[in-house]
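The primary structure of each chain is shown beneath.
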Amino acid sequence: MDKVGRYEFMAEPFHCDFSGRLFMGHLGNHLLNAADFHSTDRGFGMKYLMTIKRSWVLSRLAIEMEQMPEQYAHFNVETWVESAMRYFTSRNFRVVGSDGTVMGYGRSIWAMIDTESRQPTNIYEIDNGAIDNWVEKEKECPIDKGGRVRMSDNAELLHTIDTYYNDVDINGHINSVKYIEHVLDLWTLDWYRDHELKRFEIAYVAEAHAGDQLSFYREQMSDDTFNVRILKTGDVEVARAALRFK
């Protein structure tokens, strides 16, 4: 089995926005599905981890696209593990059109947690560290790894939302992609008619659960870049995001 996995998806029409292109949130779902398919096929996926009370949780995700798949288009997501450490592993993605056109890239960092204590656990305890057999260091992922999303006290509170059943994933907390969708809702439809999202980056700081209220603070850093801070009930920070438009 290759170190790099390749999985085909389709931009289903009801997963596309008014422009006829795939929502960034749905692309994020496809990347996370590809990650799970890849890890499951190689013996360290969620299907197995759940039997030993372990799970992968997403710590950071960056997606940078030159173009988004259009409705009905078939495309492939390639994914591979770039590095592994005791508590974190980095995984990359490449989105490729059916004609071979490279549409964009993604970078992610994952932690493995104990599903009872919710604390990080040693990745190398799984199958005697077999994840090292799948590390691919040579395949290029040319996008920026990203860094700390910095914000000042000038960030504006735009809105606060409640969370419900549909926000919660298999890990019992607010789904990683739901945060992406909620952040993208901070801009109007008219904004998206004139601006195309080039890069989306998000770092997850703490868990939120159904019933928590999420408050979204936005700060404009330049003409086309914005940073976002998300707080849950009790003013606890749960995530920060950085967006660049064109």
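Our subject is the structure that appears above.
Nothing here was measured: the structure is a model prediction, and the numbers come from that model. (Residues numbered from 1 in each chain as written. Predicted model: local features only at pLDDT ≥ 70, side-chain atom pairs only at ≥ 80, totals over all residues. Heavy atoms only, no water.)

1. Examining the overall build of the protein
The number of helices and strands found in the protein is four helices and ten strands. Listed N to C, the secondary structure of the protein is β-α-α-β-β-β-β-β-α-α-β-β-β-β in terms of helices and strands. Expressed as a percentage of the 246 residues in the protein, the buried residues total 51%. Put simply, of all contacts in the protein between residues at least 6 apart along the chain, 71% involve residues at least 24 apart. Carbon together with sulfur atoms contributes 47% to the accessible area of the protein, which is approximately 12,300 Å² in total. When the 28 basic and 39 acidic side-chain charges of the protein are each reduced to a single mean position, those positions are 5 Å apart. (Helix = DSSP H or I, 4+ residues; strand = E, 2+ residues; numbered from the N terminus. Buried < 20%, exposed > 50% of the residue type's maximum accessible area, 1.4 Å probe, protein only. Contact = heavy atoms within 4.5 Å. Areas by Shrake-Rupley, 256 points an atom, 1.4 Å probe, with all protein chains shown as cover. Lys, Arg positive; Asp, Glu negative; His and termini not counted. Charge placed at Lys NZ, Arg CZ, Asp CG, Glu CD.)

2. Comments concerning the pattern of salt bridges
Counted under the stated rule, the structure contains 17 salt bridges. Ionic pairing is found between Arg 193 and Asp 190, a salt bridge with its closest N-O pair at 2.6 Å. Taken together, the residues span about one helical turn, with Arg 193 and Asp 190 both in helix α4 (residues 189–194) at a distance of three residues. Residues joined by salt bridges that share partners form a network here, namely Arg 60, Glu 64, Arg 199, Glu 201 and Arg 244. (Salt bridge = Lys/Arg side-chain N within 4 Å of Asp/Glu carboxyl O.)

3. Overview of the packing of aromatic side chains
The description of an aromatic ring pair rests on the distance of the ring centres and on the angle between the ring planes. Summed over all chains, the structure comprises ten aromatic pairs. Connected via pairs of aromatic rings, a cluster forms that spans Trp 187, Trp 191, Tyr 192, Phe 226 and Phe 245. Stacked on the ring of Trp 134, the Lys or Arg Arg 42 has its end atom at 5.3 Å from the ring centre. Above the plane of the ring of Trp 80 lies Lys 139, whose end atom (NZ or CZ) is 5.1 Å from the centre. (Phe/Tyr/Trp six-rings, centres within 6.5 Å; stacked < 30°, edge-to-face > 60°. Lys NZ or Arg CZ within 6 Å of the ring centre and 35° of its normal.)

4. A short note on unusual backbone geometry
At Arg 118, a residue that is not glycine, the phi angle is positive and equals roughly 65°. Structurally, Arg 118 is set in the loop between β5 (102–114) and β6 (156–162). Under the relative-accessibility criterion, Arg 118 is labelled partly exposed at 25%.

5. A word on a nonpolar patch on the surface
Among the surface-exposed residues, Met 85, Tyr 87, Phe 88 and Ile 109 lie close enough to one another that they form a single nonpolar patch of about 340 Å² accessible area. Within the secondary structure, Phe 88 sits in strand β4 (residues 88–97). With a relative accessible area of 35%, Phe 88 lands in the partly exposed category. (Patch = residues over 30% accessible without salt bridge, like charges linked within 9 Å, V, L, I, M, F, W, Y side chains within 5 Å.)

6. Some thoughts on the environment of Asp 144
Structurally, Asp 144 can be placed in the loop between β5 and β6. Along the chain, Asp 144 and Gly 106 lie 38 residues apart, while their C-alpha atoms are 9.4 Å from each other. Setting aside its immediate chain neighbours within four residues, Asp 144 contacts Arg 107 and Arg 199. Of note is the side chain of Asp 144, whose polar atom sits 3.3 Å from the backbone nitrogen of Gly 146. (Polar contact = N/O pair within 3.5 Å; in protein donor to acceptor, adjacent residues only side chain to side chain.)

7. A look at helix α1 (residues 24–41)
Between its first and last C-alpha, α1 extends 26 Å over 18 residues, near the 26 Å set by a 1.5 Å rise per residue. Those residues of α1 not exposed but buried are Met 24, Gly 25, His 26, Leu 27, Gly 28, His 30, Leu 31, Leu 32, Ala 34, Ala 35, His 38 and Ser 39. Immediately beyond the C-terminal end of α1, within one or two residues, lies Gly 43, with a positive phi of roughly 95°. (Expected span 1.5 Å × (residues − 1).)

8. Brief notes about the pairing of β5
The buried fraction of β5 amounts to eleven of the 13 residues, a majority that puts the element mostly inside the structure. Pairing of strand β2 (residues 54–65) with β5, which is carried by eleven bridges, proceeds in the antiparallel orientation. Bridge assignment links Ala 62 to a residue of β5, and that residue is Arg 107. Here β4 pairs with β5 via nine bridges, running antiparallel. When the bridges of β5 are listed, Arg 91 appears paired with Ser 108. Two successive antiparallel strands, β4 and β5, enclose a turn made up of four residues, where Gly 100 displays a positive phi of approximately 95°. (Pairing = 2+ DSSP bridges.)

9. Thoughts on the side chain of His 30
By the secondary structure assignment, His 30 is in helix α1. The residues touching His 30, leaving out its near neighbours within four places in the chain, are Phe 9, Met 10, Leu 22 and Phe 75.

10. Concerning the nonpolar core
Membership of the largest hydrophobic core comes to 59 residues, with the highest contact counts inside it found for Leu 27, Val 183 and Leu 243. In terms of residues, this core owes the most to one element, α1, which gives six residues. Excluding residues that lie within four positions of it along the chain, Val 183 makes contacts with Phe 200, Phe 216, Val 228, Ile 230, Ala 241 and Leu 243. (Core = buried A, V, L, I, M, F, W, Y, C linked by side-chain atoms within 4.5 Å.)

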